[in-house]
Amino acid sequence: MRPAQAKIIATLNVQPTVDPAAEIERRIGFLVDYLTATGASGLVLGISGGQDSSLAGRLCQLAVERLAASRSDSSEAPPQFIAVRLPYAVQADEDDAQLALSFIQPSEAVIFDIKRAVDGFQAEYGDRFDDPMLDFTKGNVKARARMIAQYAIAGQGRMLVVGTDHAAEAVTGFFTKFGDGGADILPLSGLTKRQGRALLEHLGAPERLYLKAPTADLLDENPGQTDEANLGLSYREIDDYLEGHEVPDAVASAIETRYLDTEHKRAAPVTPFDTWWRSEADPWAL
């Protein structure tokens with residue numbers, strides 16, 4: 001195994017194989033324990049209709065149900081899970097989102113349209129600068145607007161915002177900094193894409209939810225662009241790398257380059273006491 005591969009696998013807490021039943025139990029327990037420790041009244045998560053939010057959403061609902069059952073004799077209000085649909089006007093894959101909600105069975109489902117907020121930012125930007133906002137920049141504004149909405153809902157109800165980041169996204173930095181990368185708790189952390197699929201299959205999810213091609217759906221000009229087309233890598237290649245398998249040198253190099261280039265996304269804001277960003281630092285030192 002390449003030294004860089006070993007370092008990345010250890011840093012992202014990836015296991016070569018998982019037992020779906022045991023992993024589901026561990027992650028539900030993690031959510032329950034953290035809710036109990038923080039005293040939060042529930043969980044909030046944006047639902048897109050893809051694999052990651054479907055899995056995280058179902059784990060959240062099972063966690064609040066378990067916590068509510070443990071408090072059956074208590075005067076405390078039962079914890080809630082709010083699943084939030086966050087379209088920019090109309091979402092093309094709305095049918096998938098509704099299928100995901102029917103599988104998740106959340107305590108509450110709400111729709112929060114981010115269009116007016118995003119268009120307002122775009123208009124204000126246009127008023128202040130000579131260059132129009134790029135579609136890529138606007139896509140990141142959409143991602144951040146979705147998290148603002150979730151934190152508004154969570155803050156109003158003393159709840160926690162759930163993120164869907166997992167190892168196959170984390171290794172490539174394939175998320176918006178302070179957008180979908182900003183959350184309170186990450187129940188899918190350490191899982192590869194195929195391991196997440198195995199958990200969904202064990203939970204009895206409709207196969208459409210995990211066979212759907214992953215897409216961020218952020219660009220107006222290319223709304224259906226898939227993650228894999230954007231990355232230039234397949235999730236099969238990324239998963240093989242993270243699970244410790246041998247992959248072509250070109251694939252390994254592409255993953256490792258992306259990992260280094262996106263280190264700032266996985267780190268806290270850099271301070272004068274940090275050294276990871278310095279060119280003389282050895283990024284693969286164990």
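The following refers to the structure shown. These numbers come from a predicted model, not from an experiment.

**Regarding helix 8 (residues 193-202)**
Looking at helix 8, one finds that the buried residues are K193, Q195, G196, L199 and L200. Mapping the buried residues of helix 8 onto a view down its axis gives an arc of 165 degrees, with all of them on the same face. Phi turns positive, to about 80 degrees, at G204, one or two residues after helix 8.

**A word on the pairing of strand 1 (residues 42-46)**
Here is the key point about a regular strand: its side chains alternate between the two faces of the sheet. Within strand 1, five of the five residues are buried, which leaves the element mostly enclosed by the surrounding structure. Of the strand pairs in this sheet, strand 1 and strand 2 (residues 80-85) are connected by five bridges, and their pairing is parallel. Bridge pairing links V44 to I82 in strand 2. Tracing the backbone out of strand 1, into helix 3 (residues 51-70) and back to the parallel element strand 2 gives a crossover that is right-handed. Where strand 1 lies against strand 4 (residues 160-161), two bridges are found, and the strand directions are parallel. Its bridge partner being in strand 4, L43 is matched across the sheet by L160.

**Section: the pairing of strand 2**
Of all six residues making up strand 2, five are buried, and the element is well covered by its neighbours. Where strand 2 and strand 3 (residues 108-111) come together, four bridges link them in parallel fashion. Within strand 3, the position partnered with V84 by the bridge is V110. Remark: the strand 2/helix 4 (residues 94-104)/strand 3 crossover connection has right-handed handedness.

**Some thoughts on the packing of helix 5 (residues 115-128) against helix 6 (residues 135-156)**
Where helix 5 meets helix 6, the closest approach of the two axes is 9 Å, and the angle between their N-to-C directions is 135 degrees. By the angle class used here, helix 5 and helix 6 are oblique. Crossing of helix 5 against helix 6: the hand is right-handed. Mapping the contact onto sequence places V118, D119, F121 and Q122 in helix 5 and K138, V141, K142 and A145 in helix 6.

**Examining unusual backbone geometry**
Of note, the phi angle at Q105 is positive, near 55 degrees, even though the residue is not glycine. Within the element layout of this structure, Q105 appears in the loop between helix 4 and strand 3. The backbone of F178 shows a phi angle near 60 degrees, a positive value even though the residue is not glycine. With respect to the helices, strands and loops of the structure, F178 is situated in the loop between helix 7 (167-170) and helix 8.

**Some remarks on the pattern of salt bridges**
A full pass over the atoms with the stated rule returns 18 salt bridges. Linking R194 and D240 is a salt bridge whose minimum nitrogen-to-oxygen distance equals 2.9 Å. Remark: D240 occurs in helix 11 (residues 235-242) and R194 occurs in helix 8; sequence separation between them is 46 residues. Note on R194: relative accessible area 33%, which makes it partly exposed. For R197, the salt bridge identified is with E201, shortest N-O distance 3.8 Å. A residue pair is termed a helical-turn pair when its members lie 3 or 4 positions apart in one helix, as R197 and E201 do in helix 8 at four residues. Among the charged side chains, a salt-bridge network with shared partners connects D93, D96, R208 and K212.

**Re the sheet that holds strand 3**
Ordered by their spatial adjacency, four strands build an open sheet running 3-2-1-4, and the pairing between neighbours is parallel. Whereas interior strands pair on both sides, the edge strands pair on one side only; in this sheet they are strand 3 and strand 4. Helix 3 rests against strand 1 and strand 2 of the sheet, and its axis sits at about 165 degrees to strand 1.

**Focus: the packing of aromatic side chains**
Using the criterion set out here, one finds one aromatic pair in the structure. The ring of Y88 has K142 sitting right over it, with the charged end atom 4.4 Å from the ring centre. A cation over a ring is seen here: K265 above F175, with NZ or CZ 5.3 Å from the ring centre.

**Topic: helix 11**
In terms of burial, helix 11 is a largely internal element, six of the eight residues being buried. Within helix 11, the full set of buried residues consists of Y235, I238, D239, D240, Y241 and L242. Along its buried surface, helix 11 packs onto helix 1 (3-11), helix 7, helix 8, helix 10 (227-231) and helix 12 (249-261).

**With respect to empty space enclosed by the protein**
Over the atoms rolls a probe the size of a water molecule, and in doing so it shows where empty space is left. Per the stated rule, a full pass over the model turns up one cavity of 30 Å³ or more. Every residue lining the largest cavity is listed: Q51, D52, L55, H166, L188, L191, T192, K193 and G196. Of all the elements, helix 3 adds the most residues to the lining of the largest cavity, at three residues. The class makeup of the residues in the lining of the largest cavity is three nonpolar, four polar and two charged.

Definitions and limits used
- Residues numbered from 1 in each chain as written.
- Predicted model: local features only at pLDDT ≥ 70, side-chain atom pairs only at ≥ 80, totals over all residues.
- Heavy atoms only, no water.
- Buried < 20%, exposed > 50% of the residue type's maximum accessible area, 1.4 Å probe, protein only.
- Helix = DSSP H or I, 4+ residues; strand = E, 2+ residues; numbered from the N terminus.
- Arc of directions from axis to C-beta.
- Pairing = 2+ DSSP bridges.
- Right-handed = clockwise from strand over helix to strand, strands pointing away.
- Axes fitted to C-alpha atoms, helices over the stretch in contact; angles between N-to-C directions.
- Parallel < 35°, antiparallel > 145°, perpendicular 65-115°, else oblique.
- Left-handed = near helix turned anticlockwise from the far one by under 90°.
- Contact = heavy atoms within 4.5 Å.
- Salt bridge = Lys/Arg side-chain N within 4 Å of Asp/Glu carboxyl O.
- Phe/Tyr/Trp six-rings, centres within 6.5 Å; stacked < 30°, edge-to-face > 60°.
- Lys NZ or Arg CZ within 6 Å of the ring centre and 35° of its normal.
- 1 Å grid on protein atoms, 1.4 Å probe; cavity = no way out; pocket = protein on both sides within 12 Å on 5 of 7 lines; lining within 4 Å.
- Points joined across faces, edges and corners; volume = space filled by probe spheres on them.
- Nonpolar A, V, L, I, M, F, W, Y, C, P; charged D, E, K, R; others polar.

Interpretation in functional terms is not warranted from these geometric data alone.
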